[in-house]
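Residue-level listing of the chains:
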Amino acid sequence: MRGGRPIPADTSTHRRGVHPRVLQAIADPEDALLIATHDLAVIWMSQTMERLLGLTLHDARGADLGFVLESRLIPLLPGEEPCGSALLTALRRSEEVPHLTCPVRTVTGVRWYDYSSARLQEEPGSEPFWIVRLHDVTCKVRTENELQRCRRTASLLADAATELVGLSPDTDIYAVIARHLCALVPGATVIVSTADIRRGTLTTRAVAGDAALLAGAAEILGADMRGMTLTLPPAIRSIMLKGGIETVLGGIAEAALGQLPKEVCRRLEEYGRIGAVYCIPFTWKGEVFGSAVIFTRQGGEALDTDTVDTFRGLAAIALQRRCAETGLRENEEKFRLLAEHAQDIIYRFVYTPVLHVAYVSPSVAAITGHVPEEFYADPSLYLSIIHPDDRPKIDSLLRGDLRESATLTLRERSRDGTVIWMEHHVTPIFDDTGNLVAVEGISRNITARKRVEEQLRIRDAAIESSPTPFLIATSEGTISSANAAALEQLGYDDAAALIGRNVREFTSSSDAAEAITRALLETGSYRGEIPGRRRNGRTTTILLSARAIAGAAEQPGRIAVSFIDIGDRKRAEDELKRRARYLSVLNEVIGISVASLSLDDLLESVLLKVLPLLDVDRGAIYILDPARKKAHLRWQHGIPEAQRAQNRVLDIRHWPENLVFVAGQPWYIGRTRGIGAAAGRLLNRFDVSALACIPLLADSVVVGALYLGTRKRAAFSSDEKTILEAVGRAVGSGLLKMLLLQQLEDAHQEANLYLDILTHDIGNTENVSTLYADLLLETLEGEKALYAAKLRASIQKSIEILRSVSTIRKIHEESPALKPVDLDAVLRGEIDHVPSVPITYDGFPVTVWADELLAEVPGNLIGNAVRFGGSDVAITVRVEELDGEVLVSIEDTGPGIPDAQKEAIFHRFERGRGRATGQGLGLYIVRMLVTRYGGEVRVEDRACGRPEEGAAFRFTLRKAGAGEGI
């Protein structure tokens, strides 16, 4: 049996029993088995093989084994796995595969199988058969991989520990840490920083990873990442102190503590294909020495947190030791300098056998004005500079009354007579008999401190009389003192009634109290606005400043609190902000009214601005029809379909709609006691509690109305009414502009329709008329034929007029897309159109900037010369090059043009000498096209000063050279 299915006994491979190799394979119920005949026809497979291949035995029986493996097993092999081709090659060659380990994709993920195939024969002379076996070795492979990974990790950690322990003082420890982290997390980018928790900063010291990637990141940042300093927020400091590896869910933006632009962070993540981001603080015994940020690549190896955490401990210890060594060297230098340059006076007085000064430090000169040599020469000098009122303290010391170390505060006179305060820490030394033999001590100049104490006393008096409320509380918030202003502000007449209360009682927000406590614990200070509460329960807004004061020695700390009632100011600020917001939206509405390119854009933008401004639910904009009898809903927001159907068209001839649409007056209604029936019906129609109906006015003319409704309240404030009416005027002007633009567009389209009819339908009619005129000319004779010829000429002139109109329209509607045009070919083509007139052409091949309408220019000019030059007219067409331009001259021997008309004939409907065609449009078109091509056109006498000898029309075009463009 194999998974509940017996091996078929009716095949040739099982006539005499089951082969031992088959029995051995079946012994493992988790193996996937398949049996095929000697010619590779499948005859049986286990249920495990069915599940793996996604194929039933019924469907597979009789199929080619190679086909089954190639179509079912090979697609399950990941990527370019070579074992697929190996097993197929062996099967085609009828070669056995004793062992081949392959990864296979299954529904539970990739698993590893040991593939084997064998060609068996139960007994000599029997028909052989094939057995294919897939033995699941996933656990074995994973164990070997994990063991290999552990060995590699252990080796990396051992190398890191060895290097970190043996680092010399001048080696960059941060670069070493970064390098080892890159080795532990292949493909990752690592940034190592030093932390200064006291200052709250994090400074980048080393960066490691792919060099090209780091160069690209530096280019995006615009600076080298090394030396970059970030400010540590209090919350991040607390997390770093815990010392655990943190997953940074916010990507680079969060890793940069929100101190890099979001766009820069986005570009860095896209460029580096950043996957996960981890923050690793180097914390040892509650002290943070630095941190590392690891950026893994998308699709890269997952972070081995245990390994990295082990390395984190090694790095933290190394950093702690480096900091300790650095601190020790610095302290040694400080102690040496202290001994040589101590500002305090260090001394030793010896009283036996005679009084003398054994040692006094050089700082005595700076404080007293007497150099040490003077004290060595006269031991009584020091006693002489003691203030007389403090001399008894010294006498008591000399008598031996002080048996232990003590602190004496003495006033002394310096050489210049200035009184200085000195604090002496003295230790009397006695012999075995109890006699005083010496005094050792350190004295410090505390004159400045005494002055500060005096200033503090004065300041305390000032605080007491200050108009600013001031409190002192314990670290738990219990009030211990308060000045008169605080008593008055909080509503107390007697300080005793306030002392002992907790400051939390005077804020109405527990969240604010927690925020203050948290800030004092983390940063030692707080400043901000909080809701305050007086003794009588009245609430207000106060600006509070609090600072934690550390206690001296073992004394508990205190909290200094000052506050100002800013309730009135806040209300005024809120009112100003609200009004400013109204004005801002009004300005935006005005801008939208001016800049909108379509009516729907205008109406939609207005509603999207006004609805959130006034916190209303529904809005609609109506526009009057041309007859000014009905108003149609053009745009709405938030109105349900049922209410929309009821209010799609408004009859403005009846009240209350005529109040808004006819009289142009705003109307505000609310669901309050005493509203009229009509107002109530209107509220029900829109299903709102308050409704504002605002006329849209343009130059005192109503063009529509803005309806705004809300279900949250029953009325609009006076400020809201003011802003709504201003919006109505602004939108009205924009709405009128949109309507006028729409009318202009309609008129433009209608004019184009007429032109289409003129140029197409009438043109077709005239073509038919020309045919009939030609027939008449062929059949008539004499005077009747003359009349028919005149009729045909009139029709031809009408056709030319239509052609000119079509050309002008094309010029105006199409933007010029100039291209190189063969001028020589155009001129020769137009000359060929007039075979009946002698035309001399003096030209050469040249290319100019023009378009397909270029032929209209020489065509009109040559046509004019032919028609109006007389029966014996001669025409010359000449082409010349002039410094990047081409000059074309069309000269005729006709009657010429008077000087007074030479400029006017190019204007629309101007005619001179009868030369203009198409009701004065031919030369007008010539000028338009030449100007379009960037040239100029003019008319001159063919013979200078003799207009009767003919005219010369000259125009210039820009020459199209190689490499030039428009």
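Above this text you will find the structure in question.
A quick note: this is a predicted structure, and the numbers were derived from the prediction, not measured.

**Here we look at the overall build of the protein chain**
Alright, step 1. Assigned secondary structure in the protein chain consists of 30 helices and 34 strands.
Alright, step 2. For the protein chain, with 966 residues in total, the buried portion stands at 42%.
Alright, step 3. Long-range pairs, those at least 24 residues apart, make up 55% of the contacts in the protein chain between residues at least 6 apart in sequence.

**A look at unusual backbone geometry**
Alright, step 1. Between Thr352 and the following residue, Pro353, the backbone shows a cis peptide bond with an omega angle of -5 degrees.
Alright, step 2. Within the secondary structure layout, Pro353 lies in the loop between β12 (345-350) and β13 (356-360).
Alright, step 3. For the bond from Trp655 to Pro656, the omega torsion is 10 degrees, close enough to zero to count as cis.
Alright, step 4. Topologically, Pro656 is positioned in the loop between β24 (649-651) and α24 (657-661).
Alright, step 5. Within the chain, Asp615 stands out as a residue other than glycine whose phi angle is a positive 55 degrees.
Alright, step 6. Of note in the backbone geometry, Arg628 takes a positive phi value of approximately 55 degrees without being a glycine.
Alright, step 7. The residue Arg628 is located in the loop between β22 (618-624) and β23 (630-637) in this model.

**Digging into the sheet that holds strand β34 (residues 946-958)**
Alright, step 1. Reading across the sheet, the five strands line up as β29-β31-β32-β34-β33 and stay open at both edges, with mixed pairing between neighbours. Each having just a single partner strand, β29 (839-842) and β33 (937-943) make up the two edges of the open sheet. Averaged over all pairs of adjacent strands, the angle between their axes in this sheet comes to 25 degrees, without regard to strand direction.
Alright, step 2. Direction of pairing for β33 relative to β34: antiparallel, over a ladder of six bridges. Residue pairing for β34: Asp941 is matched across the bridge by Ala951.
Alright, step 3. Across the sheet, helix α28 (residues 823-832) lies against β29, β31 (875-882), β32 (885-892) and β34, angled at about 170 degrees from β29, the strand it touches most.

**Re empty space enclosed by the protein**
Alright, step 1. Going through the model one piece at a time under the given rule, you end up with four cavities of 30 Å³ or more.
Alright, step 2. The calculated volume of the largest cavity comes to roughly 160 Å³.
Alright, step 3. If you trace the largest cavity, you find 15 residues lining it, with Phe349, Tyr351, Tyr382, Leu383 and Ile394 closest to the centre.
Alright, step 4. Mapped by element, the contributors of at least two residues to the lining of the largest cavity are β12, α15 (381-384), α16 (391-398), β14 (406-413) and β15 (419-430).
Alright, step 5. Take the lining of the largest cavity: its biggest share by element is three residues, from α16.

**Describing the pattern of salt bridges**
Between side chains of opposite charge, a pair can form as their charged atoms come close.
Alright, step 1. Summed over all chains, the structure comprises 42 salt bridges.
Alright, step 2. Between Arg501 and Glu505 there is a salt bridge; the shortest N-O distance is 2.9 Å.
Alright, step 3. Owing to a relative accessible area of 33%, Arg501 belongs among the partly exposed residues under this scheme.
Alright, step 4. Glu505 sits in the partly exposed class, given a relative accessible area of 36%.
Alright, step 5. Through salt bridges with shared partners, a single ionic network connects Arg878, Glu891, Arg938, Glu940 and Arg954.

**Some words on the layout of surface pockets**
Alright, step 1. Space inside the largest pocket adds up to approximately 680 Å³.
Alright, step 2. For the largest pocket, the lining is made up of 36 residues, of which Ile252, Ala255, Ala256, Val293 and Phe295 are closest to its centre.
Alright, step 3. For the lining of the largest pocket, the residue count by class is 27 nonpolar, seven polar and two charged.

**Here we look at the pairing of strand β27 (residues 701-710)**
Alright, step 1. In terms of burial, β27 is largely enclosed, as nine of its ten residues are buried.
Alright, step 2. Here six bridges tie β22 to β27, and the two strands are oriented antiparallel to one another. By the bridge assignment, Ile623 is partnered in β27 with Gly704.
Alright, step 3. As paired elements, strand β26 (residues 690-698) and β27 share nine bridges and run antiparallel to each other. Of the residues in β27, the one forming a bridge with Leu697 is Val702.
Alright, step 4. Turn length for the β26-β27 hairpin, with the two strands adjacent in sequence and antiparallel, is two residues, and the turn residue Asp699 shows positive phi of about 55 degrees.

About the thresholds
Residues numbered from 1 in each chain as written. Predicted model: local features only at pLDDT ≥ 70, side-chain atom pairs only at ≥ 80, totals over all residues. Heavy atoms only, no water. Helix = DSSP H or I, 4+ residues; strand = E, 2+ residues; numbered from the N terminus. Buried < 20%, exposed > 50% of the residue type's maximum accessible area, 1.4 Å probe, protein only. Contact = heavy atoms within 4.5 Å. Pairing = 2+ DSSP bridges. Axes fitted to C-alpha atoms, helices over the stretch in contact; angles between N-to-C directions. 1 Å grid on protein atoms, 1.4 Å probe; cavity = no way out; pocket = protein on both sides within 12 Å on 5 of 7 lines; lining within 4 Å. Points joined across faces, edges and corners; volume = space filled by probe spheres on them. Salt bridge = Lys/Arg side-chain N within 4 Å of Asp/Glu carboxyl O. Nonpolar A, V, L, I, M, F, W, Y, C, P; charged D, E, K, R; others polar.

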